[in-house]
Amino acid sequence: MSTPNKFSAQLTEDGKLRHLLRLEGLSREFITHLLDRAESYQRPAGDTPARDTILQGHTVANLFFEPSTRTRASFELAAKRLSADVLNLDVNMSSRIKGESLLDTIYTLQAMQVDIFVVRDASAGIPDFISSNVQSQVSVLNAGESDVAHPTQGLLDLLTIRQNKQTLDGLTVTIIGDIAHSRVARSVSRGLTIMGDNEIRLVAPQGLTPDMGNYPGAQFTHDINAAIEGADVVMALRIQRERIKEKSSLMTNHEYLQYFGLTEERIALAKPDAIIMHPGPMNRDVEIAGAVADGPQSVITQQVRNGLAIRMAVLAAVMESR
Ligand code: CP
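In this text the structure is predicted, and so the values were computed from the model without any measurement.

(A) Representation of the overall build of the protein chain. Across its full length, the protein chain carries 11 helices and nine strands. Over its C-alpha atoms the protein chain spans a radius of gyration of 20 Å, differing by no more than 12% from the 20 Å that the globule rule assigns to 322 residues. On the principal axes, the C-alpha backbone points of the protein chain span a range of 55 × 45 × 35 Å. Taking all 322 residues of the protein chain together, 55% fall into the buried category. Counted over contacts in the protein chain with a minimum sequence separation of 6, partners at least 24 positions apart contribute 74%. Of the roughly 13800 Å² of accessible surface on the protein chain, a fraction of 49% belongs to carbon and sulfur atoms. Distance between charge centroids for the protein chain: 4 Å, based on 32 positive and 38 negative side chains.

(B) Local environment of the domain arrangement of the protein chain. By the assigned domains, the protein chain splits into domain 1 (8-149 + 305-319) and domain 2 (151-299). A straight line from the C-alpha centre of domain 1 to that of domain 2 covers 25 Å. For the pairing of domain 1 and domain 2, the buried interface totals around 2500 Å² over both sides, and the portion due to carbon and sulfur atoms is 60%. Considering only the side of domain 1, the residues that lose the most area to domain 2 are Leu23, Leu35 and Asp147, jointly responsible for 25% of the buried surface there. There are five salt bridges connecting domain 1 and domain 2.

(C) The pattern of salt bridges, seen in detail. Following the criterion strictly, the structure yields 14 salt bridges and no others. A salt bridge links Arg37 to Glu320, with the shortest nitrogen-to-oxygen separation between them at 3.0 Å. With Arg37 in helix 1 (residues 28-40) and Glu320 in the segment after helix 11 (300-319), this residue pair connects regions lying 283 residues apart in the sequence. Owing to a relative accessible area of 36%, Glu320 belongs among the partly exposed residues under this scheme. Here Glu242 makes a salt bridge to Arg238, at a shortest N to O gap of 2.6 Å. Look at Glu242 and you get partly exposed, because its relative accessible area is 48%. One network of salt bridges, in which partners are shared, links Asp36, Glu39 and Arg162.

(D) Spatial organisation of helix 11. The first and last C-alpha atoms of helix 11 sit 29 Å apart over 20 residues, in line with the 28 Å expected at 1.5 Å per residue. With respect to burial, helix 11 is a largely interior element, 17 of its 20 residues being buried.

(E) Up close: the site of the ligand. Looking at the ligand, the residues that line it are Ser68, Thr69, Arg70, Thr71, Arg120, His150, Gln153, Pro279 and Gly280. The backbone of Arg70 places a nitrogen or oxygen atom 3.0 Å from an oxygen atom of the ligand. The separation between a nitrogen atom of the ligand and a polar side-chain atom of Gln153 is 3.0 Å. Here the ligand has 260 Å² of accessible area as a free molecule, and 93% of this is covered by the chains. Classifying every residue of the shell around the ligand by side-chain character gives one nonpolar, six polar and two charged. Two domains each donate at least three residues to the shell around the ligand, and these are domain 1 (8-149 + 305-319) and domain 2 (151-299).

Quick notes on the rules
- Residues numbered from 1 in each chain as written.
- Predicted model: local features only at pLDDT ≥ 70, side-chain atom pairs only at ≥ 80, totals over all residues.
- Heavy atoms only, no water.
- Helix = DSSP H or I, 4+ residues; strand = E, 2+ residues; numbered from the N terminus.
- Rg over C-alpha atoms; globule rule 2.2 N^0.38 Å.
- Buried < 20%, exposed > 50% of the residue type's maximum accessible area, 1.4 Å probe, protein only.
- Contact = heavy atoms within 4.5 Å.
- Areas by Shrake-Rupley, 256 points an atom, 1.4 Å probe, with all protein chains shown as cover.
- Lys, Arg positive; Asp, Glu negative; His and termini not counted.
- Charge placed at Lys NZ, Arg CZ, Asp CG, Glu CD.
- Domains from an automatic or database assignment.
- Buried area = accessible area lost by both parts, 1.4 Å probe.
- Salt bridge = Lys/Arg side-chain N within 4 Å of Asp/Glu carboxyl O.
- Expected span 1.5 Å × (residues − 1).
- Near = heavy atom within 4 Å.
- Polar contact = N/O pair within 3.5 Å; in protein donor to acceptor, adjacent residues only side chain to side chain.
- Nonpolar A, V, L, I, M, F, W, Y, C, P; charged D, E, K, R; others polar.

Below, the structure written as structure tokens:
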């Protein structure tokens, strides 16, 4: 068995991306480089997707211990389009079910020469824990960690905002929903703080108020209409029922749409050219009205498209740190 090594920091000594565990610690210049690189992998709809051979001969293992559609599919496609061998471990059929520890699972796959682990887990600290125990040539990418971090989601959100607003500075960004349990809100807020002087307004119902220590520089309110007023970007989040023990206090879907949902009336309070975002998975007519999700200001499909390009950029960046 390997022992923890000294290579578990995100960046190498010469500033290359060894692991992607969180956005904290990345510079504005480095994030800009990742966004630019992601754009270099984008092609117009109808064209064949961009391909590269940078991961040829290397192996990427997707370990998703929580459900996912967007992140898992896009990491798989991203790795294949960069010419990697890709392993999607079916965790429900793996030997962890028979009691094998997480680290023994990692060591087993590492022995098969996996180069990059893409990890989603419901527990905080798992990506860090794995990254401090893998061999020096192996990288770990955080694909969603409890309510703590979802760095590639943060990057794809930044790219989507930049493409629509031509800047990541001086914007008013309103994030509405279950902020208390949201790794998405934490990562995009952190990214916006790194990239510029942005006003971040967080809105949640009573009982889902976040620990504002996780949101340096952001404002919090329960007043959704005031928070949307004059915003450049409005993002809706779903209620993370799987992380809430006491569900009896939650509003019904109908009440939620009425009091905290993103409706056509509410988005009219934002700037006329405001964009509407949602990381998915989306509960239509709960946190966002179907007409808003499909409306002219919605960039939700663009977020999904950008997710694939961002994951290609991140995979390529960690390959260059070797
Ligand atoms: N936004 C996001 O992480 O979606 P998935 O859970 O489908 O990956």
